[in-house]
Amino acid sequence: MGQASPAADWADIVTGAYCADAKPPLTQELAGQVRDVLAKAVASPAGDAPNSLMDRLNDALDAFETELRSVVGPRVTSLDEATGAVAMKHRSEAGQPLRAFGGQ
């Protein structure tokens, strides 16, 4: 029981990777909001399959971007539980429109 929460670990790891490539760059406050929504996504019950965790993380990022309507960033493409590594990739125009600055 002395370990850190896995939800907090994945939330921190994915938040860092997301913020590194988000456009426009996120403020500390927005980065904190991303971390909070990702922590909730990781903690929500949905089975133990890595894909379901990845889907929950990506859904949380989608919801965050939809709410702000001014930020776009990459999505999780793989999680390595052994090393704590995450791979991220930006969505393509064909998959879903990317409009970071659409309303400006």
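Preceding this section is the structure that the text describes.
So, here's what we can say about the structure. As the structure is a prediction and not an experimental result, all values here were calculated from the model. (Residues numbered from 1 in each chain as written. Predicted model: local features only at pLDDT ≥ 70, side-chain atom pairs only at ≥ 80, totals over all residues. Heavy atoms only, no water.)

### Observations concerning the pattern of salt bridges
The line we're drawing: By salt bridge we mean one thing: a side-chain nitrogen of Lys or Arg within 4 Å of a carboxyl oxygen of Asp or Glu. Think of it this way: any DSSP run of H or I at least four residues long counts as a helix, any run of E at least two long counts as a strand, and we number them from the N terminus. To sort residues, take the accessible area from a 1.4 Å probe on protein chains only and compare it with the maximum for the residue type: under 20% means buried, over 50% means exposed, and anything in between is partly exposed.
Applying the stated criterion to the full structure yields three salt bridges. Linking Arg35 and Asp12 is a salt bridge whose minimum nitrogen-to-oxygen distance equals 3.9 Å. Of this pair, Arg35 sits in helix H2 (residues 28-43) while Asp12 sits in helix H1 (residues 6-21), and the two are 23 residues apart along the sequence. Classification of Arg35 as partly exposed rests on a relative accessible area of 36%. Arg75 serves as the salt-bridge partner of Glu65, at 2.7 Å between the closest nitrogen and oxygen. Of this pair, Glu65 sits in helix H3 (residues 50-68) while Arg75 sits in strand E1 (residues 75-80), placing them 10 residues apart in sequence. Given the relative accessible area of 7%, Glu65 is considered buried. Each of Asp62, Glu65 and Arg75 takes part in salt bridges that share partners, so that together they form one network.

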